[in-house]
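# Breakdown of the fold
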Amino acid sequence: MLVRYHGGEGMLAWAFHRISGVAIWAFVILHVIDIFLVGAAPKVYDTLLSFYATPIGILMEWLLGAAVLYHALNGLRIVIMDFWPPMTRYHRVMWRINWVIFAIIGIPVTWVIFRQFAHALGWTI
Amino acid sequence: MSARYTRGSGRVKPGGGGLELAVWYLMRLSGLGLFVLVISHYLILHVITAPDKENADWIVQMRWSSVFWRAMDWLLLMLVLFHSFMGMRTVVGDYSRGGVRVALTMALYALAFFLFAIGTIVVMTLPNVVPPG
């Protein structure tokens, strides 16, 4: 289904929703286990945290944030249309509004995370 | 598959009531809860505070010295496990059939239960330390 793209915002919104959802699910598994280690094996947790703080870890943190923000905004769009079906007429408008909100929240967050990234690489900005 | 989706909207609401209809509603309600909880979780722990400071000692002495944050994180655990594993159940249902689908779905339920158990253990049993100052 994912590879047979027929065009249209609805299909693209659905594909992105599924991909981001599966990615977030995979991170949730890792994250519940790592927090369990805070009690069971704190040194192992701290070792994992030092990986999260590497440039690659921070890049993944940024991608996770993008996946969460997209999934949240598109999920809200789905809830609006499912609970108020007449709103389905405006699904394209809501899709575009979602990307505007995505940019408004995403750009400042990207700046903050980019500073963590630069710090991890030893750059001074 | 086009018959199973309304254009631009979510999965079609199951008819006839019962468990599937309850899950359909609970996916949307948990999603609304997660909209607030996950975005605030990410902003507080990854943007406002630098995550490289959040080691095991920080979680014991700062984050989880508060019963409020333990309760919020436990609520987040329950909602996120329900939403993500029920979402994966839908994905498994779309891409597999018959015995494989049943086996994968059971594996999802087992993993969800395991994560709920270890997440609950740590949030309930991590020693409560009064924060310094």
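None of the values given here were measured: they were computed from a predicted structure. (Residues numbered from 1 in each chain as written. Chains lettered and ligands numbered in written order. Predicted model: local features only at pLDDT ≥ 70, side-chain atom pairs only at ≥ 80, totals over all residues.)

## Examining the overall build of chain B
Formally: Elements are defined by DSSP. Helices are runs of H or I of four residues or more, strands are runs of E of two residues or more, and each kind is numbered from the N terminus. Exposure classification rests on a simple neighbour count of other C-beta atoms within 10 Å of a residue's own: a residue reaching 20 or more is buried, one at 12 or fewer is exposed, and one in between is partly exposed. C-beta atoms are placed from the backbone. We call two residues in contact when their backbone-placed C-beta atoms lie within 7 Å.
In terms of helices and strands, chain B carries 4 helices and 0 strands. Beginning at the N terminus, the succession of helices and strands in chain B can be written as α-α-α-α. Overall, the C-alpha framework of chain B stretches about 60 × 30 × 25 Å when taken along its three principal axes. The buried share of chain B, reckoned over its 133 residues, is 20%. Across chain B, the fraction of contacts at a sequence separation of at least 24, relative to all contacts at a separation of at least 6, is 61%.

## Focus on the packing of helix α1 (residues 9–40) of chain A against helix α4 (residues 91–120) of chain A
All names here are of chain A. Stated formally: To get an axis, fit a line to the C-alpha atoms, keeping to the stretch in contact for a helix; angles then go from 0 to 180 degrees between the N-to-C directions. For classification, angles of less than 35 degrees are called roughly parallel, those exceeding 145 degrees roughly antiparallel, those between 65 and 115 degrees roughly perpendicular, and all remaining angles oblique. Less than a right angle of anticlockwise turn of the near helix away from the far helix marks a crossing as left-handed, whereas a clockwise turn marks it as right-handed.
Between α1 and α4, the least distance of the axes is 10 Å, while the angle of their chain directions is 45°. Here α1 lies oblique to α4, going by the angle between them. With respect to the hand of their crossing, α1 and α4 are arranged in left-handed fashion. Of the residues in α4, those in contact with Glu9, Gly10 and Ala13 of α1 are His91, Arg92 and Trp95.

## Focus on helix α1 (residues 18–48) of chain B
Under the convention used in this document: What a helix is expected to span follows from its residue count: subtract one and scale by 1.5 Å. Given a residue, its bend is the angle between the two axes fitted to the seven residues that end at it and to the seven that start from it.
Compared with the 45 Å implied by 1.5 Å per residue over 31 residues, the 43 Å span of α1(B) between its first and last C-alpha is a close match. Largest kink in α1(B): about 35°, centred on B:Leu34. Burial in α1(B) covers these residues: B:Met27, B:Ser30, B:Gly31, B:Leu34, B:Val38 and B:His46. Residues of α1(B) that are buried in the fold lie against α3 (55–83) of chain A together with α3 (67–95) of chain B.

## Side note on the nonpolar core
Nonpolar side chains tend toward joint burial in soluble globular proteins. Note the threshold: As used here, a nonpolar core is made of buried Ala, Val, Leu, Ile, Met, Phe, Trp, Tyr and Cys residues. They are joined through C-beta atoms within 7 Å.
A:Val32, A:Val38, B:Leu81 and B:Val122 are the most contacted members of the largest nonpolar core, which totals 27 residues. Those elements giving two or more residues to this core turn out to be α1, α2 (42–52) and α3 of chain A together with α1, α3 and α4 (98–125) of chain B. By residue number, the principal contributor to this core is α1(A), which donates 6 residues. Excluding its chain neighbours within four sequence positions, the residues that come into contact with A:Val38 are A:Tyr45, B:Ala56, B:Ile59, B:Val122 and B:Leu126.

## As for the interface of chain B and chain A
Spelled out, the test is: Polarity classes work like this: nonpolar for Ala, Val, Leu, Ile, Met, Phe, Trp, Tyr, Cys and Pro, charged for Asp, Glu, Lys and Arg, and polar for all others, with Gly in that last group.
At the interface, 36 residues of chain B touch 37 residues of chain A. Sorting the residues of the side of chain B that touches chain A by element identifies α1, α2 (56–61), α3 and α4 of chain B as the ones contributing at least two each. Broken down by element, the residue count for the side of chain B that touches chain A peaks at 9 residues, all from α1(B). Of the residues belonging to the side of chain B that touches chain A, the class tally is 19 nonpolar, 11 polar and 6 charged.

## Remarks on the environment of B:Asp57
The residue B:Asp57 is located in helix α2 in this model. A residue is classified by how many C-beta atoms lie within 10 Å of it, and B:Asp57, with 13 of them, is partly exposed.

## Quick notes on the packing of α3(B) against α4(B)
Residue and element names in this part refer to chain B. Between α3 and α4, whose axes approach to 10 Å, the crossing angle comes to 170°. With respect to their mutual orientation, α3 and α4 come out roughly antiparallel. Here Arg70, Asp73, Trp74, Leu77, Leu81, Phe85, Met88, Arg89, Val92 and Gly93 of α3 come into contact with α4, specifically with Arg101, Leu104, Thr105, Leu108, Ala112, Leu115, Phe116, Gly119, Thr120 and Val123. Among the residues forming the contact of α3 with α4, the class breakdown is 12 nonpolar, 4 polar and 4 charged.

## What to know about the environment of B:Val129
Residue and element names in this part refer to chain B. Inspection of the secondary structure assignment puts Val129 in the segment after α4. Classification of Val129 by C-beta neighbours within 10 Å gives exposed; the count is 12. Taking the C-alpha atoms as reference points, Val129 and Trp64, 65 residues apart in sequence, are found 8.1 Å from one another. Apart from the residues within four sequence positions on either side, Val129 is in contact with Val60, Gln61 and Ser65.

## A look at the confidence of the model for chain B
Going by this rule: Scored between 0 and 100, pLDDT is the confidence that the predictor attaches to each residue.
Of the residues in chain B, 90% have a pLDDT of 70 or more, and the chain-wide mean is 90. Scored below 50 in pLDDT, residues 1–6 of chain B makes 7 contacts in the model with residues more than four places away or belonging to other chains.

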